[in-house]
Amino acid sequence: MDDTYPQGGLLLTASSTDYPLLNLFLTMLWIFVWVLWFFLLFRVITDLFRDRSLSGWAKAAWLIFVIVLPYLGVLVYLIARGRSMGEREAERMQEQKQAMDAYIRETAGGGGGGGGSVDQLHKLSELKSRGDLTQEEYERAKAKLLP
């Protein structure tokens with residue numbers, strides 16, 4: 001059998017005519033829902049392991065429930081622990097922000113107590129320029145500050 005129409009056009013196969021635009025959109029929707037489901041599943045599992053208030057046995061029970069009956073397990077977990085899930089996430093973000101702020105303060109040398117080496121070098125240079133330190137004292141103090 002010839003693969004073209006008598007006029008020279010291409011013959012459309014059955015698979016291309018059985019897949020209308022609506023089916024394409026429905027397939028895209030199902031793929032989106034499938035990806036969303038896996039995102040939610042992994043989010044529940046990570047929240048389960050990050051929770052410090054649950055014992056090991058409770059974590060194991062929830063994990064078995066989520067693995068054996070995934071749809072029901074995730075739904076029940078979200079209903080039972082959804083609010084605290086958000087609170088734990090907000091708490092974790094606050095801890096990360098505080099850690100980042102402390103790191104930035106430590107690195108920049110603005111720890112509030114004047115303990116940064118940049119600040120101390122600036123103070124030493126001011127003391128030297130005012131004449132309170134000799135060149136020798138300035139060099140000794142600078143050698144202590146710099147590694």
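Caption draft 1: Representation of the overall build of the protein in the model. Tallying secondary structure elements over the protein gives six helices and zero strands in all. The order of helices and strands in the protein, counted from the N terminus, is α-α-α-α-α-α. The proportion of buried residues among the 147 residues of the protein is 14%. Carbon and sulfur atoms make up 66% of the accessible area of the protein, which amounts to about 11700 Å² in all.

Caption draft 2: Spatial organisation of the side chain of Lys59. Along the polypeptide, Lys59 turns up in helix H3 (residues 56-68). Among buried charged residues, Lys59 stands out as having no salt bridge; its nearest opposite-charge side chain is Asp51, 6.6 Å away. Non-local contacts of Lys59, meaning those with residues more than four positions away in its chain, are made with Leu48, Phe49, Asp51 and Leu54.

Caption draft 3: Spotlight on the side chain of Arg81. On the secondary structure map, Arg81 appears in helix H4 (residues 70-108). Contacts of Arg81, omitting those with residues within four sequence positions, involve Asp51, Ser53, Leu54, Trp62 and Arg88.

Caption draft 4: Representation of the packing of aromatic side chains within the structure. All told, the structure shown has five aromatic pairs when counted by the stated rule. A ring pair is formed by Trp34 and Phe38, whose centres lie 4.9 Å apart and whose planes are at 85 degrees; its orientation type is edge-to-face. Here Phe38 and Trp34 lie together in helix H2 (residues 21-50), a separation of four residues that amounts to about one turn. Three or more aromatic residues link up through ring pairs in this structure, and these residues are Trp34, Phe38 and Phe42. Its guanidinium or amino end placed over the ring of Tyr138, Lys128 lies 5.2 Å from that ring's centre, counting from NZ or CZ.

Caption draft 5: Structural context of the pattern of salt bridges. As enumerated under the stated definition, the model contains ten salt bridges in all. Linking Glu89 and Arg92 is a salt bridge whose minimum nitrogen-to-oxygen distance equals 2.8 Å. Remark: Arg92 and Glu89 occur in helix H4; sequence separation between them is three residues, near one turn of the helix. Accessibility expressed as a relative area gives 24% for Arg92, which makes it partly exposed. Here Glu136 and Arg140 are joined by a salt bridge, their closest N and O atoms 3.4 Å apart. Taken together, the residues Glu136 and Arg140, both in helix H6 (residues 135-145) and four residues apart, mark about one turn of the helix. Given the relative accessible area of 55%, Glu136 is considered exposed.

Caption draft 6: Inspection of H4 at higher detail. Its 39 residues place the ends of H4 only 48 Å apart at the C-alpha level, less than the 57 Å of an ideal helix rising 1.5 Å per residue. Of all bends in H4, the biggest is about 70 degrees, found at Arg81. When we look at burial in H4, the residues that qualify are Gly73, Val74, Tyr77, Arg81, Met85, Arg88 and Glu89. Close packing links the buried residues of H4 with H2 and H3.

Parameters at a glance
- Residues numbered from 1 in each chain as written.
- Predicted model: local features only at pLDDT ≥ 70, side-chain atom pairs only at ≥ 80, totals over all residues.
- Heavy atoms only, no water.
- Helix = DSSP H or I, 4+ residues; strand = E, 2+ residues; numbered from the N terminus.
- Buried < 20%, exposed > 50% of the residue type's maximum accessible area, 1.4 Å probe, protein only.
- Areas by Shrake-Rupley, 256 points an atom, 1.4 Å probe, with all protein chains shown as cover.
- Lys, Arg positive; Asp, Glu negative; His and termini not counted.
- Salt bridge = Lys/Arg side-chain N within 4 Å of Asp/Glu carboxyl O.
- Contact = heavy atoms within 4.5 Å.
- Phe/Tyr/Trp six-rings, centres within 6.5 Å; stacked < 30°, edge-to-face > 60°.
- Lys NZ or Arg CZ within 6 Å of the ring centre and 35° of its normal.
- Expected span 1.5 Å × (residues − 1).
- Bend = angle between axes of the 7 residues up to and from the residue.

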